[in-house]
Amino acid sequence: MPALRRNDALKRRLEAGLGGNGIRSVSASTCTGTVLILFEIDRPLEDIERRVREIADRKPQEQSASPVADRPAWHSLDADSALKALDSDRSGLRSSTTRALLRRHGPNVLMKLARRSGIEILFDQFRSLPVALLAGTAVLSLATGGLSDAVIVLAVIGANGLIGFMSETWAEQTIASLEQGALPAARALRDGVETAVPAEQLVPGDIILLHRDEVVPADARLIAADRLTVNEAALTGESLPVAKAANVLATARAPLAERRNMLFRGSVVTGGSGRAVVVATSEHTEISRVQALLGATTRPQTPLQHQLDELGRIVVIGAAAASGLMLLIGLARGYRLVTLLRSAVSLGVAAVPEGLPTMVTTTLAFGVRAMSQQKLFVRRLEAIEALGSIRLVCFDKTGTLTLNRMTVTRLCWNGQEGRLGPDGYRNRDGMAIGCGADPDLARLIEVCVLCNDADPSDPNADHGSSTEIALLEAAEQLGAEFDAMRRKHPRLSTVERAEGRRYMATVHRGPDGSSVVAVKGDPSAVLPLCGWRSEKGEMRGIDDAARAAIEADNLAMAEAGLRVLGVAFKRVPEGESVGSPATDLVWLGLVGMADPLRPGAAELVRALRRAGIAMVMLTGDQRATALAIATEVGLANGNAQVIEGDRLDDQPIAAADQHIFARLTPAQKLEVIAALQRSGARVAMIGDGVNDTPALKIADVGITLAASATEIARGVADIVLAGDDLSPIALAFERGRSVHVNIRRATRYLIATNLSEIALMLFATATGLARPLSPAQLLWINLLTDVLPAMGLALEPPDPGLMSGPLPDTLSPVVSRADIGSLARDAGLLAGGALAAQSWAGLLRGRATGATVGFNSLVAGQLLYALACAPRGRFPGSALTGTLVASLAAQLAALFLPGLRHVAGTRLGFADLSLSTAAGFAPLLLIGALDAGDRSQPIS
C-alpha cells in the first residue's frame, strides 16, 4: 500500500479497524508501506482485501468507532431496531434458533493468550549469540580431538539452560495460579423462560438478565434498566461506576465510555438490574478487539541482550584473529602442525568467555528469587535487567494508582470541614470528629444512612452501589449505628434518581409520628430546593452569601477530583401531608468521595523521582479526575499539562515532556508508549485493566497487580505484584539497576581475564621464552577460576545510593572504546606477572616447574583481580567472598590432589607457592595504584 508510507493516521485506522471476524492480528508499517494480517484459514482472502480497501479509502472522520467496520453501531440504534436487526424479541430466542446460531458464530469464548510451553521456555534459553559461541567452540574442540573439552563446554551450555528453564517455569506456574476461572453461567430468556445458560453458549440475539455483582458475559445492547450501574474500569479506565439506560442513544462514533446503552464483556454490575440483547460474542467483542492488538505488538530487546550480541560478534572476530595469529607464528617457528592446531583451537576457546551465559542467567535467576520474596513474580529473566535501564514509567490510574473503590474523604457542614486521614476523620485543627459531638454532623450522617439502598448486613440482597457503601463506611467510622437509625426511621417511600432528576429522596416515619424526608444528590440540583440551613441543630434561612459559600465549597471539592453529593432533609409534623418531598428543604452539607490511592503509590512515585526516572499517567478517565489523582500522588502539580485522546494527533510526544494523558482508548495507550520509545526512552508500563494490555506488552517492561489485574493483563505482563502495596515495585527497579551494573562489572572482569590468557599464549608461542598453557589448563581457568568470581561480582549487594539519581547511559556498550585501553592494560599486567613468575621459577627449578608456577600465578592474579573490579569503599559481599574461597580451594585441589594434578603440572613447594602468590598480588597493587580514582566509582 504506497499510501501507507509515512502515514501514521492510516496505520492507526488499519490496525484498529481490521480486528475480529477471523482476523487474529494486524501490523502496518509506515516504513515499507506493507500490512501484515494473520487470519483464520477459512476466511476468504477477498473479504480481507475488501475490508482493507474500505478502510484505506474512508476519510479519517468517517471511520467507525465500532470494533468491526461492517457491523451496526448498536449504541446509535434504539432498542427495538437492535432487536429487529438481530431477529430477536423481548421474550428471547427459541432453543432451535440458538443451536443454529451457535454453529454459525461459534462458542462465546475468547482466544486464549498463547502461553509459552515448557519446550518453548527451554529453547529460549539457547537463543543467544554467547550460547552459540560456546556451541561453536565445542564443535571445534571435538574436530581437533579435544573430546573432554567439548564435553565440558556442552555441560556448561546445559547447566545454563537448566537454570534459566527452572526459574522461568516456576514464575509461569506461580502467575498461572493467580488466574480466575471461566465466566459463570448467564441468565437468559430461552423460549420465553428464564434459563441458566453457560456463558460460552450465548449467541447474538439472546436476551440476558443482569443483577448486582454479576459479570457481563458478552457485548449487549440494553433494552431495559432499573437503576443499573456498571463498573467498566477494566475496559474504559472510568474510575466510577457508570449509570446505564436503555433509552439513551449515542452517535455512531461515540467512544466506549459514552455508550450508556451498551454493556461490554468483562464489566461488572455494581447496582440495580437490567435486560439486554447480546450483539457480539467471542472474537467480535470489544475485549477481543483489545486482545487482537496484542498480536500486532512485539517487545523490544533489552539493552543487555543487544550489547551481549554485539560483544559476541567482537569476540568471534577477536578469537579468530588470535587463533590465526598463533597459527602463523607457530608455523614460522617450525612447530608441529597437529600440536599447533590444537593449541590454536584452545586459544580460540580461551578467547570465548565460557562463563558469560552462565553468569548472566544465574544472576537473573537469583534476581527472580529475591524479587519473589517481595511478592513480585517475574515471567522473563531479561525483564529484571531491563528494569535497570528504564528511564520513564507510565502509570495507569484506575485500579493501579487507586484502589477502584469509593471512599468518603471530605465532609463540609455549617462552615466546618472534616478530612479522612490514616487515623480517621479530623477537622481543620487536627481534632478527631464524630457524630456524638456535633448535631449538624450527626444529622448529615443520618440522612446519608437513610437515603441509601446499601444493605451489607443482608447477604441475599443487593449491597448497593460503591457510593452508597462508602457513605455507610464513613458513618460507621464517625460513630453512627446505621442499623439503629434505620429501625428508628423506617422507610415509607422512595423517589429514585432519574433522567432530569439528579437526586434521590426517601420518606421515613419518625419515632414521634412525624415524617422525615432525606435527600442526597448533585449539589447543583439539591441546593436550589433548599430554603433553610442547619446551624447547631436549628433552622436558619439561606441568604445569598451562604449559597455562595456552599457553591465555593462544592467547586473546590470538585476541582480536587472528588465526586460531591449535596445532602438535605426536612421534617413534616404528624398529621401533615408530605406533598412533594423535595421542596423547602434544610441544607445539611457536602460529602466528597474519591477513589483512594493504593497503599505505597505515593512512596513509589517519590522513590522513582529520586532515582531520576520520569513518570506519566495514561488513563481512560476524565481530565479533571486524572489531574487530581496525578497531583495527589505526586506525579504532577496542579498546572501539569493534560492531553486528551481526541487531541493526541495535535501534540508531539517526547520522553522529555511530563504529561498526563486522559480519555485514552487501548489503541491510543499503545500509540503513546510507542511514541515515547521512538523518542529514545526505555519505558515501563504499570497497569491492570484490559485497556492496558497492549501497552503492557509493547513496553520494555510490563508490570501488573494480581489483586486487580484482569486475566489478559496477567497473561502479558513481565512482572506480577501479588500484594496490594505498590512500594515493592521500587525494590524491583533497584534490583534491576543492581543486576544491570553488576553484570556489566562481571562481564568486563571476564573480558580482561580472557585477554590475559590470550596475551600469555601469544607471547609464549612467539618468543619461546615461556611454555604456553595447555588446553586443559585453559579450560580449567575459564570454567572454574573465571566463572565463580564473575558470578560473585554479579551477585554483589546493590551499591548504596543506587536509587539516589539516574544511572549513566545504560545503552552504551558493555565494553566501550574507552574501556579497551584499561582492560588491555589490566590483562597485560596479569599476563606479565604470570610470565615473570614462570621465567624466574624456570631459571631456578626447571622449565616444568616454571610452567606450573606460571599457571598458578595467572590463576592467583585473576582471582585477586576480582577485588579490583568490585566496588571500592566496602568489604566484598558474601557471594564474592564465597566464590573466591571456592575458586582458591579448587586451585589447591588441582595442585595437590593426585587425580587433578595433571591439570596444574608438577607439584609445588612452599617457595613456589609464595612466588605464585606474590606474582598474583603484584598486578592488583599496580592496578589499584594506577586506577584508584576510576575504580572508586561503580562500573555501569
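Here, the structure is the one placed above.
As the structure is a prediction and not an experimental result, all values here were calculated from the model. (Residues numbered from 1 in each chain as written. Predicted model: local features only at pLDDT ≥ 70, side-chain atom pairs only at ≥ 80, totals over all residues. Heavy atoms only, no water.)

## Structural notes on the pattern of salt bridges
Argument step 1. Applying the stated rule across the entire model yields 21 salt bridges.
Argument step 2. Across the salt bridge formed by Arg190 and Asp206, the nearest N and O atoms sit 2.8 Å from each other. With Arg190 in strand 3 (residues 186-190) and Asp206 in the loop between strand 4 (193-197) and strand 5 (207-211), this pair connects stretches of sequence that are 16 residues apart.
Argument step 3. The salt bridge involving Asp692 is made with Lys669; its shortest N-O contact spans 2.4 Å. Residue Asp692 is located in the loop between strand 25 (683-686) and helix 23 (693-698), and its partner Lys669 is located in helix 22 (residues 666-678); the two are separated by 23 residues in the primary sequence. No difference in accessibility class separates Asp692 from Lys669, as the two residues are buried.
Argument step 4. In this structure, a network of salt bridges that share partners links the residues Arg187, Glu194 and Glu214. (Salt bridge = Lys/Arg side-chain N within 4 Å of Asp/Glu carboxyl O. Helix = DSSP H or I, 4+ residues; strand = E, 2+ residues; numbered from the N terminus. Buried < 20%, exposed > 50% of the residue type's maximum accessible area, 1.4 Å probe, protein only.)

## As for the state of the cysteines
Argument step 1. Applying the stated criterion across every chain, the model contains zero disulfides.
Argument step 2. Note on Cys451: no disulfide assigned, nearest cysteine sulfur contributed by Cys448 at a separation of 8.4 Å.
Argument step 3. With relative accessibility at 0%, the residue Cys451 sits in the buried group. (Disulfide = S-S within 2.5 Å.)

## Some words on unusual backbone geometry
Argument step 1. Although it is not a glycine, Asp87 adopts a positive phi angle of roughly 55°.
Argument step 2. Positive phi, normally seen in glycine, also occurs at Asn414, with a value near 50°.
Argument step 3. With respect to the helices and strands, the residue Asn414 is situated in the loop between strand 12 (407-413) and strand 13 (416-421).
Argument step 4. The class for Asn414 is partly exposed, based on a relative accessible area of 28%.

## So, the packing of helix 25 (residues 728-767) against helix 29 (residues 847-869)
Argument step 1. Axis separation between helix 25 and helix 29 bottoms out at 10 Å; the angle between their running directions is 155°. Viewed along their axes, helix 25 and helix 29 adopt a mutual orientation that is roughly antiparallel. As helix 25 packs across helix 29, the resulting crossing turns out to be right-handed. Across from Arg745, Tyr749, Ala752, Thr753, Ser756, Glu757 and Leu760 in helix 25, the residues of helix 29 making contact are Leu858, Gln862, Leu863, Tyr865, Ala866 and Cys869.
Argument step 2. A breakdown of the residues in the contact of helix 25 with helix 29 according to their chemical character gives eight nonpolar, three polar and two charged. (Axes fitted to C-alpha atoms, helices over the stretch in contact; angles between N-to-C directions. Parallel < 35°, antiparallel > 145°, perpendicular 65-115°, else oblique. Left-handed = near helix turned anticlockwise from the far one by under 90°. Contact = heavy atoms within 4.5 Å. Nonpolar A, V, L, I, M, F, W, Y, C, P; charged D, E, K, R; others polar.)

## Focus: the environment of Ala474
Argument step 1. As for its position among the elements, Ala474 is in helix 16 (residues 466-477).
Argument step 2. As a C-alpha pair, Ala474 and Val408 span 66 residues in sequence and 6.2 Å in three-dimensional space.
Argument step 3. What Ala474 contacts, discounting residues up to four positions off in sequence, is Val408 and Tyr425.

## Quick word on the packing of helix 25 against helix 28 (residues 817-845)
Argument step 1. Viewed as axis vectors pointing N to C, helix 25 and helix 28 meet at an angle of 50°, and their least axial separation amounts to 8 Å. If you check the angle between helix 25 and helix 28, you find them oblique. The two elements helix 25 and helix 28 meet at a crossing, and its hand is right-handed. Along the contact surface, helix 25 presents Arg748, Ile751, Ala752, Thr753, Leu755, Ser756, Ala759, Leu760 and Phe763, while helix 28 presents Asp819, Leu823, Ala827, Leu830, Ala831, Ala834 and Leu835.

## Observations concerning the side chain of Ser514
Argument step 1. By secondary structure assignment, the location of Ser514 is in the loop between strand 16 (503-509) and strand 17 (515-521).
Argument step 2. Among residues more than four places away in sequence, those in contact with Ser514 are His508, Arg509, Arg571, Val572, Pro573 and Glu574.

## Re the nonpolar core
Argument step 1. Met359, Val393, Phe395, Leu635, Ile729, Phe733 and Tyr865 are the most contacted members of the largest nonpolar core, which totals 105 residues.
Argument step 2. At 16 residues, helix 25 tops the list of elements feeding residues into this core.
Argument step 3. Ignoring any residue separated from it by four or fewer positions in sequence, one finds Phe395 in contact with Leu401, Leu604, Val605, Leu608, Met615, Val616, Met617, Leu618, Leu635 and Ile686.
Argument step 4. Grouped together as the second largest cluster of nonpolar side chains are 35 residues, Cys435, Val449, Phe482 and Met485 included. (Core = buried A, V, L, I, M, F, W, Y, C linked by side-chain atoms within 4.5 Å.)

## Describing the pairing of strand 11 (residues 392-395)
Working note: regular strand, side chains alternate between the two faces of the sheet.
Argument step 1. Side chains of strand 11 alternate between two faces, with Leu392 and Cys394 and Val393 and Phe395 buried alike.
Argument step 2. Pairing of strand 11 with strand 22 (residues 614-618) involves four bridges; the strand directions are parallel. Residue pairing for strand 22: Val393 is matched across the bridge by Met615.
Argument step 3. Strand direction decides the pairing type here: strand 11 and strand 25, joined by four bridges, are parallel. The partner of Cys394 across the bridge, within strand 25, is Met685. (Pairing = 2+ DSSP bridges.)

## Focus: a nonpolar patch on the surface
Argument step 1. The grouping of Ile119, Leu122, Phe123 and Phe126 at the surface amounts to a nonpolar patch, some 350 Å² of accessible area in total.
Argument step 2. On the secondary structure map, Phe126 appears in the loop between helix 5 (118-124) and helix 6 (129-143).
Argument step 3. Accessibility expressed as a relative area gives 31% for Phe126, which makes it partly exposed. (Patch = residues over 30% accessible without salt bridge, like charges linked within 9 Å, V, L, I, M, F, W, Y side chains within 5 Å. Areas by Shrake-Rupley, 256 points an atom, 1.4 Å probe, with all protein chains shown as cover.)

## Some words on the sheet that holds strand 23 (residues 641-644)
Argument step 1. Strand order across the open sheet formed by eight strands is 10-27-26-25-11-22-24-23, with mixed pairing between neighbours. In this open sheet, the two edge strands, each paired with only one partner strand, are strand 10 (376-378) and strand 23. For this sheet the average axis-to-axis angle between neighbouring strands, irrespective of direction, equals 20°.
Argument step 2. Of the strand pairs in this sheet, strand 10 and strand 27 (residues 719-721) are connected by three bridges, and their pairing is antiparallel. Paired with Leu376 across the strands is Leu721, a residue of strand 27.
Argument step 3. On the sheet, helix 21 (residues 623-633) packs against strand 22, strand 23 and strand 24 (659-662) and is oriented at approximately 145° with respect to strand 24.

## Section: helix 20 (residues 601-610)
Argument step 1. Burial in helix 20 covers these residues: Ala601, Ala602, Leu604, Val605, Ala607 and Leu608.
Argument step 2. Buried positions along helix 20 lie against strand 11, helix 14 (397-401), strand 22, helix 21, strand 25 and helix 25.
Argument step 3. Positive backbone phi, approximately 75°, marks Gly612, located one or two places after helix 20.

## Digging into the pairing of strand 25
Argument step 1. The alternating pattern of strand 25 places Val683 and Met685 and Ala684 and Ile686 on opposite faces, both of which are buried.
Argument step 2. The pairing of strand 25 with strand 26 (residues 701-705) spans three bridges and is classified as parallel. Each residue of the ladder has a partner; that of Ile686, found in strand 26, is Ile703.
Argument step 3. Handedness of the crossover is the feature at issue here: the chain leaves strand 25, passes through helix 23, returns alongside strand 26, and the resulting connection is right-handed. (Right-handed = clockwise from strand over helix to strand, strands pointing away.)

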